2 protein chains.
Amino acid sequence: MNAEKIPDIIITRLPVYLRALQRMADSGLKTTSSQELGEHVGISAAQIRKDISQFGEFGKQGTGYSIAYLLDKLREILKVNRIWDVIIVGAGDMGHALARYQGFADRGFNVVMIFDNDKSKIGQKIADFTIEDMDNLPEKVKSSGIKIAMLTIPASVAQETADKLVQAGIKAILNYAPISLNVPKGVKVQHIDPATHLQRMTYYL
Amino acid sequence: MNAEKIPDIIITRLPVYLRALQRMADSGLKTTSSQELGEHVGISAAQIRKDISQFGEFGKQGTGYSIAYLLDKLREILKVNRIWDVIIVGAGDMGHALARYQGFADRGFNVVMIFDNDKSKIGQKIADFTIEDMDNLPEKVKSSGIKIAMLTIPASVAQETADKLVQAGIKAILNYAPISLNVPKGVKVQHIDPATHLQRMTYYL
């Protein structure tokens, strides 16, 4: 298995399989088939078999996949068989929602700090976090070795803030600002923009 | 131009072009090239030319694209040259953040109602909205002809709620619950799940 050779499009589907398999495991299921998994995620059984076979032989003809085994393997491939520390940059409504979100812990992520540059917010609490001064971000990120940030700030300051994050050692940015970010090769960006997602559906209405 | 023949993957990129072009227009630019647009969105110039040419001849060799013209055309293709009413289902942290989000109005969407089934929340205000009783949702959606919903409720009740939305006439669901939804053909779902997006990046770390 050579990580460089797996197409990005396959990697984007693996977390979706992982999420569905986790729900199956939670509901007590032990085995599944590409057919059944496909029905849960809206992807064809053939595509699922092809995607998973990129990483080795995980299923047995006729008996399907062991859910626990496939979960282990997918977590290993996606490197979420460990916990990644994550920071939130921007303590607005979305920053608040993410700071209180309960869905990270069992999927490989742990929010550890939240930053803002608004002096009136610094020192305030969100859930268990105290909002920290953005000026201290570079030092705190560097000293802790954190690699992942969620960016929930206005578009007008998103690029300059992303530049600072990258300089501090951040390698993966989940960007909630409605602007495409330019980052150096080796830094990954995923974009969450509800209006963009809505526009992907209106075409079909 | 036959809508059925345009691959989904192209449709997913058009809102990204639209967003970047809007920002160029806001900053006073009048024309752009596939090269320049490509640098903004991280997609190759060749891919952009190919995507846009699916819908007709919008650019001129040598002079590039008129931004205003391309904006008009993209809005027309994506059907956001009008305003779509949207409801929010679930008045938790994410529902609050979406209700207060300022980025919908100039991109084709207008949040008109927010629902919850928690009796203690019904009647409370979020921004300009009064939280309404989920029991009244089917009637309100039917009578107003609303087609789009943003679903911000726990995974455990997401499928049954989606079923109700579809029955009431909703044709597009932006799903924030961490579960894949089964919907009939003709109903579109887009999924926003921050943990899934983060897992798409850890693979590369």
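This structure is a prediction, so every number in the text was calculated from the model and none was measured.

Caption draft 1: The overall build of chain A, seen in detail. Check the secondary structure of chain A and you find 8 helices and 10 strands. Seen along its three principal axes, the alpha-carbon backbone of chain A occupies a region of about 60 × 40 × 35 Å. Per-residue burial for chain A yields a buried fraction of 49% across its 205 residues. Look at the contacts in chain A between residues 6 or more apart in sequence, and 54% of them connect residues 24 or more apart. Taking the average location of the 25 positive side-chain charges in chain A and that of its 22 negative ones, the two points are 5 Å from each other.

Caption draft 2: Region of the structure containing the sheet that holds strand 4 (residues 109–116) of chain A. Residue and element names in this part refer to chain A. In spatial order, the strands read 7-4-3-8-9-10; together these 6 strands make up an open sheet with parallel pairing. Edge positions in the sheet fall to strand 7 (132–133) and strand 10 (188–191), since each of these pairs with one other strand and no more. Pairing of strand 3 (residues 84–89) with strand 4 involves 6 bridges; the strand directions are parallel. Within strand 4, the position partnered with V86 by the bridge is V111. Together, strand 3, strand 8 (148–151) and strand 9 (172–175) form the strand contacts of helix 7 (residues 155–167), whose direction differs from that of strand 8 by roughly 170°.

Caption draft 3: How the structure looks around the interface of chain A and chain B. Taken together, the contact between chain A and chain B spans 60 residues of the former and 60 residues of the latter. Regarding the contact of chain A and chain B, the summed buried area is about 5,800 Å², with carbon and sulfur atoms giving 63% of it. Interface area lost by chain A to chain B is led by Q199(A), Y203(A) and L205(A), which between them contribute 14%. At the boundary of chain A and chain B, one finds 6 salt bridges. One salt bridge connects R100(A) with D93(B), and the closest N-O pair in it is separated by 3.0 Å. Linking chain A with chain B are 26 residue pairs in polar contact (both at pLDDT 80 or more). Secondary structure elements with two or more residues in the side of chain A that touches chain B: helix 1 (8–26), helix 2 (34–41), helix 5 (93–100), strand 8, strand 9, strand 10 and helix 8 (194–202) of chain A. Residue contributions to the side of chain A that touches chain B peak at 9 residues, all from helix 8 of chain A.

Caption draft 4: Examining the environment of K140(B) more closely. Residues and elements named next belong to chain B. Inspection of the secondary structure assignment puts K140 in helix 6 (residues 137–144). The class for K140 is partly exposed, based on a relative accessible area of 30%. Taking C-alpha positions, K140 is 39 Å from V41, a pair spaced 99 residues apart along the chain. Looking at K140, its side chain comes within polar contact range of the side chain of E132, at 2.7 Å.

Caption draft 5: Summary view of the sheet that holds strand 3 (residues 84–89) of chain B. Residues and elements named next belong to chain B. In space, the 6 strands of this open sheet follow the order 7-4-3-8-9-10, with parallel pairing throughout. Two strands close off the open sheet at either side, each with one partner strand: strand 7 (132–133) and strand 10 (188–191). Across the sheet, helix 6 is in contact with strand 3, strand 4 (109–116) and strand 7; its angle to strand 4 comes to roughly 160°.

Caption draft 6: Local environment of helix 4 (residues 67–77) of chain A. All names here are of chain A. Here helix 4 has its buried residues at I67, L70, L71, L74 and I77. The arc enclosing the buried residues of helix 4, seen along the axis, measures out at 130°, which places them on a common side. Looking at the buried side of helix 4, the elements it contacts are helix 1, strand 1 (31–32), helix 3 (45–53) and strand 2 (65–66). Positive phi appears at K79, one or two residues downstream of helix 4, with a value of about 60°.

Caption draft 7: Highlighting the packing of aromatic side chains. Counting across every chain of the model gives 4 aromatic pairs over all chains. With centroids separated by 4.9 Å and ring planes inclined at 75°, the aromatic side chains of Y101(B) and F104(B) adopt a geometry described as edge-to-face. For F104(B), a relative accessible area of 3% translates into the label buried. Ring geometry for Y203(B) versus Y204(B): centroids 4.9 Å apart, planes at 90°, classification edge-to-face. The class of Y203(B) is buried, set by a relative accessible area of 5%. Note on Y204(B): relative accessible area 29%, which makes it partly exposed. Above the ring of Y204(B), the side-chain terminus of K188(A) is found at 3.9 Å from the ring centroid.

Caption draft 8: Quick look at the relation of the copies chain A and chain B. Here chain A sits on chain B after a turn of 180° about the axis and a move of 0.0 Å along it, with an RMSD of 0.0 Å. As the rotation angle and translation indicate, the two copies are arranged about a two-fold axis. Both copies contact each other with a shared surface, as 100% of the interface residues of chain A are interface residues in chain B too.

Caption draft 9: How the structure looks around the side chain of H197(A). Checked against the element boundaries, H197(A) lands in helix 8. Its relative accessible area of 5% is what places H197(A) among the buried residues. Those residues in contact with H197(A) that sit more than four places away from it in its chain are H191(A), L174(B), Q190(B), H191(B) and I192(B).

Conventions adopted
Residues numbered from 1 in each chain as written. Chains lettered and ligands numbered in written order. Predicted model: local features only at pLDDT ≥ 70, side-chain atom pairs only at ≥ 80, totals over all residues. Heavy atoms only, no water. Helix = DSSP H or I, 4+ residues; strand = E, 2+ residues; numbered from the N terminus. Buried < 20%, exposed > 50% of the residue type's maximum accessible area, 1.4 Å probe, protein only. Contact = heavy atoms within 4.5 Å. Lys, Arg positive; Asp, Glu negative; His and termini not counted. Charge placed at Lys NZ, Arg CZ, Asp CG, Glu CD. Pairing = 2+ DSSP bridges. Axes fitted to C-alpha atoms, helices over the stretch in contact; angles between N-to-C directions. Buried area = accessible area lost by both parts, 1.4 Å probe. Salt bridge = Lys/Arg side-chain N within 4 Å of Asp/Glu carboxyl O. Polar contact = N/O pair within 3.5 Å; in protein donor to acceptor, adjacent residues only side chain to side chain. Arc of directions from axis to C-beta. Phe/Tyr/Trp six-rings, centres within 6.5 Å; stacked < 30°, edge-to-face > 60°. Lys NZ or Arg CZ within 6 Å of the ring centre and 35° of its normal. Least-squares fit on C-alpha atoms with pLDDT ≥ 70 in both.

Nothing here speaks to function; it is all geometry.
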